[in-house]
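Summary of the model geometry
Letter by letter, the chains look like this.
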Amino acid sequence: MKLLAIDTSSLACSVALLCEDGIAERHAEQEREHTRLLVPMIREVLEETGMATTDLDAVVLGNGPGSFIGMRIAASVAQGIAHGAGLKIVPVSSMAAVSAQVFATSDHLEVVVAQDAHMGEVYLGVWRRGENDLPLVSLPERLHTQTPIGELDESCANSRIAAGCGWQRYPDLLAANENLIGNRSPIRYPRARYLLPLAADALARELAIDPADLVPAYLRSTVARPPAGSKP
């Protein structure tokens, strides 16, 4: 299987290409550099593997939730490549990719991912370790304030880990949930190579879509309206 994965939903700009010889990847954590970095990164991994976009089986997109501008950049590039090469797109949760990396690099059974959504909120989701270390949804992605996560069971805290940049951005969120989360991961942003196993699973379940049908997972409909209950 030959898959090109891209993610610019966060501060990180990340590209990975799966081919017979393994995975070629580029990953940079540079704020507001996605437009400059993404296309050259894609060109580099294609050249490194000697492939063209027409050799691919699909384009894998880290589909957020995350930065509005970042998500639009990756979505536009993914759609352009897919249209030009006659491919489908496999949209994958960027936050699930964070959880996949946690499961691939630790023995924790559950991960709580929090990414900065601005306006005092985070994008929050919880995943448990599934077969072949694939993340399974325990708590669907949502917007969450700096408050306790009511669905979490305190008795499982030691097997649970927090990941994502939202915990660093909002220390009060961590303080509100310190009895529910036993460990903190250094993993803060999605890495494209961890989209690949999720995409392979999605392809097996026939979840690839036509480029025109792509809908980014923004979660928040507008950045102009403050969250309910916030102070002016």
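Moving on to helix α1 (residues 34-49). Between the first and last C-alpha of α1 there are 22 Å, a value that for 16 residues agrees with the 22 Å anticipated at 1.5 Å per step. Listed in full, the buried residues belonging to α1 are His34, Leu37, Leu38, Met41, Ile42, Val45 and Leu46. The buried side chains of α1 occupy one side of the element, clustering within an arc of 155° when seen end-on. Along α1, the residues that are exposed and aim more than 90 degrees away from the buried face are Thr35 and Glu47. Summarising the contacts, the buried residues of α1 are in contact with β1 (3-7), β2 (12-19), β3 (22-29) and α2 (68-85). Residue Gly50 follows α1 closely and has a positive phi angle near 70°.

This brings us to the pairing of strand β5 (residues 89-92). Pairing analysis gives four bridges linking strand β4 (residues 58-62) to β5, with the strands arranged parallel. Bridging from a neighbouring strand, Val59 pairs with Ile89 of β5. Once the chain exits β4 it traverses α2 before rejoining the sheet at β5, and the crossover so formed is right-handed.

Let's shift gears to the nonpolar core. Among the nonpolar cores identified, the biggest contains 31 residues, and Val60, Val90, Val92, Val111, Trp127, Leu195 and Leu198 are the most heavily contacted of them. Contributions of two or more residues to this core are made by β1, β4, β5, α3 (94-105), β6 (110-118), β7 (121-129), β9 (160-163) and α6 (196-204). It is α3 that provides the largest number of residues to this core, a total of seven residues. Counting 29 residues, the second-largest nonpolar core is a separate cluster that includes Ala24, Met41, Ala82 and Ile89.

Attention now moves to α6. Of all the positions in α6, only Leu196, Leu198, Ala199 and Ala202 are classed as buried. Angularly, the buried residues of α6 cover 155° about the axis, an arc narrow enough to put them on a single face. At the C-terminal side of α6, Glu206 shows a positive phi close to 60°.

Below, the discussion takes up the pairing of β4. Burial analysis of β4 places five of its five residues in the buried class, the great majority of the element. Of the two faces of β4, the one lined by Ala58, Val60 and Gly62 and the one lined by Val59 and Leu61 are each fully buried. Relative to β4, β1 runs parallel, the two sharing four bridges. In the strand pairing of β4, Ala5 is matched with Val60.

Let us look at the packing of aromatic side chains. Within the structure shown, the criterion is met by one aromatic pair. Ring centres of Phe68 and Tyr218 lie 4.9 Å apart, and the angle between their planes is 5°; on these two criteria the pair is classed as stacked. In this pair, Phe68 sits in helix α2 while Tyr218 sits in the segment after α6, placing the two residues 150 residues apart along the sequence. Residue Phe68 is classed as buried on the basis of its relative accessible area of 14%.

What follows is about the sheet that holds strand β10 (residues 183-184). Taken in spatial order, the five strands of this open sheet run β8-β7-β6-β9-β10, and their pairing is mixed. For this open sheet the edge positions go to β8 (135-144) and β10, each flanked by a neighbour on one side alone. Across two bridges, β9 lies against β10 in parallel orientation. Each bridged residue has a counterpart across the sheet, and for Ala162 the counterpart in β10 is Arg184.

Counting across every chain of the model gives 13 salt bridges. For Lys2, the salt bridge is made with Glu20, and the minimal N-O distance between the two is 3.0 Å. Here the residue Lys2 occupies a position in the segment before β1, and Glu20 occupies one in the loop between β2 and β3, the gap between them amounting to 18 residues. With a closest N to O distance of 2.8 Å, Arg26 and Glu44 form a salt bridge. Remark: Glu44 occurs in helix α1 and Arg26 occurs in strand β3; sequence separation between them is 18 residues. Relative accessible area serves as the criterion here: at 36%, Glu44 is assigned to the partly exposed category. Linked by salt bridges that have partners in common, Glu25, Arg191 and Arg193 make up one network.

Turning next to the state of the cysteines. In protein structure, a disulfide is the covalent linkage between the sulfur atoms of two cysteines. As enumerated under the stated definition, the model contains zero disulfides in all. The structure places no disulfide on Cys19, whose sulfur is separated from the nearest cysteine sulfur, that of Cys13, by 20 Å.

Thresholds, definitions, all that
- Residues numbered from 1 in each chain as written.
- Predicted model: local features only at pLDDT ≥ 70, side-chain atom pairs only at ≥ 80, totals over all residues.
- Heavy atoms only, no water.
- Helix = DSSP H or I, 4+ residues; strand = E, 2+ residues; numbered from the N terminus.
- Expected span 1.5 Å × (residues − 1).
- Buried < 20%, exposed > 50% of the residue type's maximum accessible area, 1.4 Å probe, protein only.
- Arc of directions from axis to C-beta.
- Contact = heavy atoms within 4.5 Å.
- Pairing = 2+ DSSP bridges.
- Right-handed = clockwise from strand over helix to strand, strands pointing away.
- Core = buried A, V, L, I, M, F, W, Y, C linked by side-chain atoms within 4.5 Å.
- Phe/Tyr/Trp six-rings, centres within 6.5 Å; stacked < 30°, edge-to-face > 60°.
- Salt bridge = Lys/Arg side-chain N within 4 Å of Asp/Glu carboxyl O.
- Disulfide = S-S within 2.5 Å.

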